[in-house]
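Chain by chain, the residues:
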Amino acid sequence: MKNLKSIKHRLNLRVVVVSLLLIFVLIVLELGVAYFIGSWHHKSVLNSLLNIASRDAQLFSFKIDRRVELLETISQKKGLNDQNFSAYLKDTTMYSVLYAKGWIDLEGNCRFVKEKEQFNPEISKAYLDSVLTKDFYLSFLRDDERYFLSLTQGVYNKDKNRVGTLIAVMEDSILYSLPTEHQKAFFIVNSKGEYIKDMLLTEVQTHEFDFGVENDSSLVETIKNELLSMDVSKKKAQVLKSNIDKRIAYYISIPLEYNDWFLISVYSDKAIDTHNSMFNILFQAMTLIFFVLLIGILFYSFTLRLFFRRDLEAQLSYDSLTGAFTKDKLFLYLKNSYNPPSNCKVAFVVSNIKNFGFFNTVFGQVRSDEIIRKTKLYLTKKLKKEELLARSFADRFYLVLCYQSEEELNHRLIQLSEELRFFNQDVVNGFPVNYCFGIYLTQKQGRRILSPEFFALADMAIKNSPKEFSKTLFYYDAEVQKSVEKEILLESRMEEALINEEFLVYLQPKYDANTEELVGAEALVRWQTPNELLFPDSFIPIFEKSGFILKLDTYMLEKVCQIQQQRLIENKPIVPISVNQSRLLFYQPDYLETLISIVDKYEVPRRLIELEMTETVLLENDSAALNLFNQLLTVGFRVSLDDFGSGYSSLNMLKEIDVNIIKLDRGFLQNTINSERGKKVVISVLRLIKDLRLISIAEGVETKEQLEFLRDAGCHFVQGYYFSKPIPLQEFVDKLETFPISVNALKDMVPLN
């Protein structure tokens, strides 16, 4: 009995020991998991900061690259010397962003030119030695306590002998950057750790930092003392953890493409440690109580996270319609992995289907998608092993092609265009599908760098070249570059132009197709610069890319409300005026409230304001757009769907939208009524619009024959040069005073008989 009790005691003791040991192992394991996850979290946040710093470095280099390319172009001008260099610079749009320009001869004599005042920066011997021995040199110059960015480019004569050096001087503010959360400093050093220049905005520097340092100057001095501990001589991104006034700081060093410079970003410990401390406490507390449950949850979360990560990577990397690379995947591959053969030249090509909106309108989205899929399959089949393909959007594909000569590339792309034209005809009942290509040649530009930005230049070649339907190949050349330079100039002046009210309201009248009486007008913008009157197609695409279109659309709405208010006050004849509304407005959460407040401020009846929306709104955010259309109608506005038939649209869209008016695009009209088959398409579309109890307006009516055809086809309203081009406000007011106004102009939007 005693032995039995002894055995039981030892057994119980063993069970207790094993249980305690198991509990101890589990606790140690859980603590280990907590430490691992905390470290992983720490590294993840640190990698995020590293990515942000890398993006800032890329933006810095991109800003410099745009100006270096222009300076290289100018330096290659024939006959450039110390007497005429200023005139050559003045002929480019780069002149508007120059603070001063200069010339250094072979003896090191400097000559700077600046309008209305002198510019005499401090010139060191080291600066002159670098300028005279290097083709290109980037540095900062100082003049009266101010810093300026200096770009220099060697100039050679036709015998390839150096004749001098061209200098472009700009204010250093073009390189400033806004800080991200917990970012306390952002500056440039060289490979020796020597401080070069602070790059944070001045007004940000005046703030008091919660960083153990009272002001910016003391912070910079403290950072200077820490630079020796960072090995910036290594040409790679680095992260260093250090102490400043008993507070932890993280330094991130990113190498730049120029000189031996590095961008240094400094983040406080709050950027990382505030996340870790709370996370660890909560995790350890939950581990003591529910460690088994937490293991299951962590395992499940990890598995689910891995699944969603892979699924997200697939969505971001491969186009859902064609299975091709997405453009983001292509850009990443170009940046990190792509290495073309050294014996070939590289071309960046953008493939585009001419008038693709016509196919989608006439044949429907299903067949249009089939065209895109077949295009991808055929292009993939024709690619060489070292070449790349990705789908950008809609009908656009990006290609990276290798070639030996331009003649070979031209022949290959023209042949591709011809083969694709017939390859897709079975999808659209034998109708020819015409392709064109925008091309940027890296070797022709004297560069081997492979940048995703080159696709944008190839795309610009298509957009900015003369519209020739028979032309297939569009190269990025000097003419396109001039267009890019003009874009830079317009971007630099748009805010000032809005303040100075340089944007003018022009009005194009709308007429009743049956009675030819006035029924309304469309407000169109013109930009009266100090030198010329610009039309919308030269600046609206630029404003849409920058987001400035939001301010311009609001400005135009205000102006139209002022016009309508004045007509009401004077008790003069009045018709509804339509204003264009950018698709970007649909992403503003307060759009409807802002719209109502502007119109009501001028006490204008909402039925006198017609809002024109393009069909792309529905494609990008269809459910939200349909809901907003309904709200606009509910509160009393007239809503029209503009440019129908111009883009990625379908007749199927008509049964979904809730609008008053459908505007047929001028291109859709001109491309269809020249044939009997096309006329039948237009008649069918107009009949469908009428059956849906919507109003139809045809844009671009230029001849009497077009008017008579549209009238017979049942079109309600027309607009175009046959009646009137867009005219200044006063001319339109005179027309209102004398021209008969249709009885349908002020009625609610119901179908006309």
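Everything discussed here concerns the structure shown above.
The notes below deal with the structure included here. (Residues numbered from 1 in each chain as written. Predicted model: local features only at pLDDT ≥ 70, side-chain atom pairs only at ≥ 80, totals over all residues. Heavy atoms only, no water.)

1. What about the pairing of strand 15 (residues 435-441)?
Let me state the cut-off plainly: A simple rule labels every residue: compare its accessible area, found with a 1.4 Å probe on the protein chains alone, to the largest value its type can have, and call it buried under 20%, exposed over 50%, or partly exposed in between. Every helix listed is a DSSP run of H or I at least four residues long, and every strand listed is a run of E at least two residues long, numbered separately from the N terminus. A pair of strands is treated as paired once DSSP finds two or more bridges between them.
Counted residue by residue, strand 15 has seven buried out of seven residues, so it is predominantly covered. What you see with strand 15 is no split at all: Tyr 435, Phe 437, Ile 439 and Leu 441 on one side and Cys 436, Gly 438 and Tyr 440 on the other are buried throughout. As paired strands, strand 12 (residues 345-353) and strand 15 are joined by seven bridges and run antiparallel to one another. Bridging from a neighbouring strand, Val 350 pairs with Gly 438 of strand 15.

2. Points about the environment of Arg 493
What counts here: We call two residues in contact when some of their heavy atoms are within 4.5 Å.
Residue position: Arg 493 is located in helix 12 (residues 478-499). Measuring from C-alpha to C-alpha, the distance between Arg 493 and Thr 529 comes to 9.3 Å, with 36 residues separating the pair along the chain. Arg 493 has contacts with Glu 502, Trp 527, Thr 529 and Pro 530, leaving out every residue within four places of it along the chain.

3. What to know about the packing of helix 18 (residues 676-691) against helix 19 (residues 704-713)
Spelled out, the test is: Helix axes are fitted only over the stretch in contact, all axes being lines through C-alpha atoms; the angle between N-to-C directions runs from 0 to 180 degrees. If an angle is under 35 degrees, it is roughly parallel; if it is over 145, roughly antiparallel; if it lies from 65 to 115, roughly perpendicular; otherwise it is oblique. Crossings are classed by handedness, with left-handed meaning an anticlockwise turn of the near helix from the far one by less than a right angle and right-handed meaning a clockwise turn. Polar here means any residue outside two lists: the nonpolar Ala, Val, Leu, Ile, Met, Phe, Trp, Tyr, Cys and Pro, and the charged Asp, Glu, Lys and Arg; Gly therefore counts as polar.
The contact between helix 18 and helix 19 brings their axes to 9 Å, and the two run at 45°. By the criterion of interaxial angle, the relationship of helix 18 to helix 19 is oblique. In this structure, helix 18 crosses over helix 19, and the sense of that crossing is right-handed. Listed contacts from helix 19 to Lys 679, Val 682, Ile 683 and Leu 686 of helix 18 are Phe 709, Leu 710 and Ala 713. Grouping the constituent residues of the contact of helix 18 with helix 19 by class yields six nonpolar, no polar and one charged.

4. Considerations on the side chain of Gln 581
The condition that has to hold: Distance and chemistry together define a polar contact, namely a pair of N or O atoms within 3.5 Å, with one atom able to donate a hydrogen and the other to accept it when in protein, and with adjacent residues in sequence counting only for side-chain atoms on both sides.
Looking at the element boundaries, Gln 581 is found in strand 20 (residues 577-581). Exposure remark for Gln 581: the relative accessible area of 5% places this residue in the buried category. At a separation of 2.7 Å, a polar atom in the side chain of Gln 581 contacts the side chain of Tyr 591. Residue contacts for Gln 581: discarding those within four places in its chain leaves Asp 553, Tyr 591, Leu 595, Leu 611, Glu 612 and Met 613.

5. Considering the sheet that holds strand 3 (residues 136-143)
Taking strand neighbours across the sheet as the criterion, the five strands line up as 2-1-5-4-3 in an open arrangement whose pairing is antiparallel. Lying at the two open borders of the sheet, with one neighbouring strand each, are strand 2 (110-113) and strand 3. Averaged over neighbouring strand pairs, the angle between their axes works out to 25° when direction is ignored. With four bridges joining them, strand 1 (residues 100-104) and strand 2 adopt antiparallel strand pairing. For Ile 104, the partnering residue across the bridge sits in strand 2 and is Cys 110. Each of strand 1, strand 2, strand 3, strand 4 (146-156) and strand 5 (162-171) is contacted by helix 3 (residues 125-133), which is oriented at about 120° to strand 5, the strand it contacts most.

6. A word on helix 14 (residues 549-569)
The cut-off we apply is this: The span one expects for a helix is its residue count, reduced by one, times 1.5 Å.
The terminal C-alpha atoms of helix 14, which comprises 21 residues, lie 30 Å apart, in line with the 30 Å expected from a rise of 1.5 Å per residue. Of the residues flanking the end of helix 14, it is Asn 571, one or two places downstream, whose phi is positive at about 55°.

7. Structural notes on the pattern of salt bridges
Our working rule: We define a salt bridge as a side-chain nitrogen of Lys or Arg found within 4 Å of a carboxyl oxygen belonging to Asp or Glu.
Overall, the coordinates contain 25 salt bridges when judged by the stated rule. Asp 135 is the partner of Arg 162 in a salt bridge, and the nearest nitrogen-oxygen pair spans 3.9 Å. On the criterion of sequence distance, the pair formed by Arg 162 in strand 5 and Asp 135 in the loop between helix 3 and strand 3 is long-range, its members being 27 residues apart. Residue Arg 162 is classed as buried on the basis of its relative accessible area of 17%. For Asp 135, a relative accessible area of 43% translates into the label partly exposed. Between Glu 387 and Arg 412 there is a salt bridge, with the nearest N and O atoms lying 2.7 Å from each other. Here the residue Glu 387 occupies a position in the loop between helix 9 (365-382) and strand 13 (388-393), and Arg 412 occupies one in helix 10 (residues 406-423), the gap between them amounting to 25 residues. Beyond isolated ion pairs, a larger network of salt bridges with shared partners links Lys 510, Glu 522, Glu 610, Glu 612, Lys 663 and Glu 699.

8. What about the environment of Leu 389?
For Leu 389, the position within the fold is in strand 13. Note on Leu 389: relative accessible area 9%, which makes it buried. Considering only alpha carbons, one finds Leu 389 and Leu 401, twelve residues apart in sequence, at a separation of 8.9 Å.

9. Regarding the packing of aromatic side chains
The criterion, for reference: For Phe, Tyr and Trp, rings pair up if their centres lie within 6.5 Å, where Trp contributes its six-membered ring, and each pair is then called stacked (planes under 30 degrees apart), edge-to-face (over 60) or tilted (otherwise). When the NZ atom of lysine or the CZ atom of arginine is within 6 Å of a ring's centre and also within 35 degrees of its normal, the charge is said to sit over that ring.
Using the criterion set out here, one finds 23 aromatic pairs in the structure. Seen from their ring centres, Phe 331 and Phe 455 are 6.0 Å apart, and the 25° between their planes marks the pair as stacked. With Phe 331 in helix 7 (residues 327-336) and Phe 455 in helix 11 (residues 453-464), this residue pair connects regions lying 124 residues apart in the sequence. Judged by relative accessible area, which is 21%, Phe 331 ranks as partly exposed. Classification of Phe 455 as buried rests on a relative accessible area of 1%. Among the aromatic residues, those joined into a ring-pair cluster are Phe 331, Phe 348, Tyr 398, Tyr 440, Phe 454, Phe 455 and Tyr 476. Its guanidinium or amino end placed over the ring of Phe 423, Lys 374 lies 4.6 Å from that ring's centre, counting from NZ or CZ. In this structure, Arg 526 packs its charged tip against the face of Tyr 506, placed 5.3 Å from the ring centre.

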